[in-house]
Amino acid sequence: MEKFENTDFAISEAYKSSASGNLCITLIKKENDKFIFLDFNIKKLLERFKLLEIHPFFDRLTSSFYFLSGILMALFAFLMLGFSLFKVLTHIHNLEIMDFFKPIIYITIAVAIFDLAKTLLEGVLFKSYKREVTEFKTFIKFILSIMIALSIEVLMLVFKISLNYPEKMINALYLFVGISLMMGSVAFFVKRKNLI
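Let me sum up the structure you'll find in this document. Quick caveat: nothing in here was measured; it's all calculated off a predicted structure.

1. A closer look at the environment of Leu-116
At step 1: Mapped onto the fold, Leu-116 is located in helix α3 (residues 101-125).
At step 2: Between the alpha carbons of Leu-116 and Phe-142 there is a distance of 6.9 Å; along the sequence they are 26 residues apart.

If you want it as structure tokens, here you go:
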């Protein structure tokens, strides 16, 4: 609650109304011994001041597309988890250490896809006015999951090359350098955007 100096006005922080489900703020004015409460729908307030432009048809179309995309991505993430488990169970009698790498990569990518799906669905079902920061954080989490999957793939490749083709170890080095550059770029991006 913020009270303005030398006035009888105070304003609340933004909150979700339990009655309407909309994002609101409340203005409080003191009149003699009474308090007057005025509730404002933030979305309508921003529209009235021309700070927010809404196109109902395209807004619904975009929300529907994001909702469907989020549901499908979550479904594919669960399918990838099931597939990784299936890959392990089908080789249960003659498992080797290398047989665990690919399922781990599938699981890591499934986590990245599910995170992205969750953010899409949150954006549709629970609209946030801090969307830019959320999108940046989602992007970073997605890229980090992909980099983890790539690092696991490189580790698997190093094992394979060292056992069968030691003369091709330079290729694994190139991949390590590429992932290191990606990590450096992400770290620079995070520092510039002050996301941590």
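2. Thoughts on the packing of aromatic side chains
At step 1: Taken as a whole and judged by the stated rule, the model has three aromatic pairs.
At step 2: Summarising the aromatic geometry, the rings of Phe-78 and Phe-114 are spaced 5.8 Å apart at their centres and angled 75° between planes, so their arrangement reads as edge-to-face. Separated by 36 residues along the polypeptide, Phe-78 in helix α2 (residues 56-90) and Phe-114 in helix α3 bring together distant segments of the chain.
At step 3: Phe-78 sits in the exposed class, given a relative accessible area of 51%.
At step 4: With relative accessibility at 35%, the residue Phe-114 sits in the partly exposed group.
At step 5: Both rings, one in Phe-83 and one in Tyr-106, keep their centres 5.4 Å apart while their planes meet at 55°; by these two values the pair is tilted. Within this pair, whereas Phe-83 is found in helix α2, its partner Tyr-106 is found in helix α3, the two being separated by 23 residues in sequence.
At step 6: Under the relative-accessibility criterion, Phe-83 is labelled partly exposed at 39%.
At step 7: By relative accessible area, Tyr-106 is classed as partly exposed at 22%.

3. Considering the pairing of strand β5 (residues 34-41)
At step 1: Bridge count for strand β4 (residues 23-31) against β5 is eight bridges, and the pairing is antiparallel. The residue bridging Ile-28 from the neighbouring strand is Phe-37, located in β5.
At step 2: Hairpin connection from β4 to β5: two residues lie between these consecutive antiparallel strands, with Asn-32 at a positive phi of about 55°.

4. Some points on α2
At step 1: Over its 35 residues, α2 runs 50 Å from end to end, which matches the ideal 51 Å to within 8%, given 1.5 Å per residue.
At step 2: The set of residues buried in α2 consists of Ser-63, Ser-69, Gly-70, Ala-74, Ala-77, Ser-84 and Val-88.

5. Topic: unusual backbone geometry
At step 1: Positioned with a positive phi, Asn-32 is a non-glycine residue whose angle comes to about 55°.
At step 2: For Asn-32, the position within the fold is in the loop between β4 and β5.
At step 3: By relative accessible area, Asn-32 is classed as exposed at 69%.

6. A closer look at the pairing of β4
At step 1: In this structure, strand β2 (residues 9-11) lies alongside β4, joined through three bridges in antiparallel fashion. Looking across to β4, one finds that Phe-9 is bridged to Lys-29.
At step 2: Pairing geometry for strand β3 (residues 15-16) and β4, over two bridges, is antiparallel. Across the sheet, the residue bridging to Lys-16 is Leu-23, located in β4.

Rules of the game
Residues numbered from 1 in each chain as written. Predicted model: local features only at pLDDT ≥ 70, side-chain atom pairs only at ≥ 80, totals over all residues. Heavy atoms only, no water. Helix = DSSP H or I, 4+ residues; strand = E, 2+ residues; numbered from the N terminus. Phe/Tyr/Trp six-rings, centres within 6.5 Å; stacked < 30°, edge-to-face > 60°. Buried < 20%, exposed > 50% of the residue type's maximum accessible area, 1.4 Å probe, protein only. Pairing = 2+ DSSP bridges. Expected span 1.5 Å × (residues − 1).

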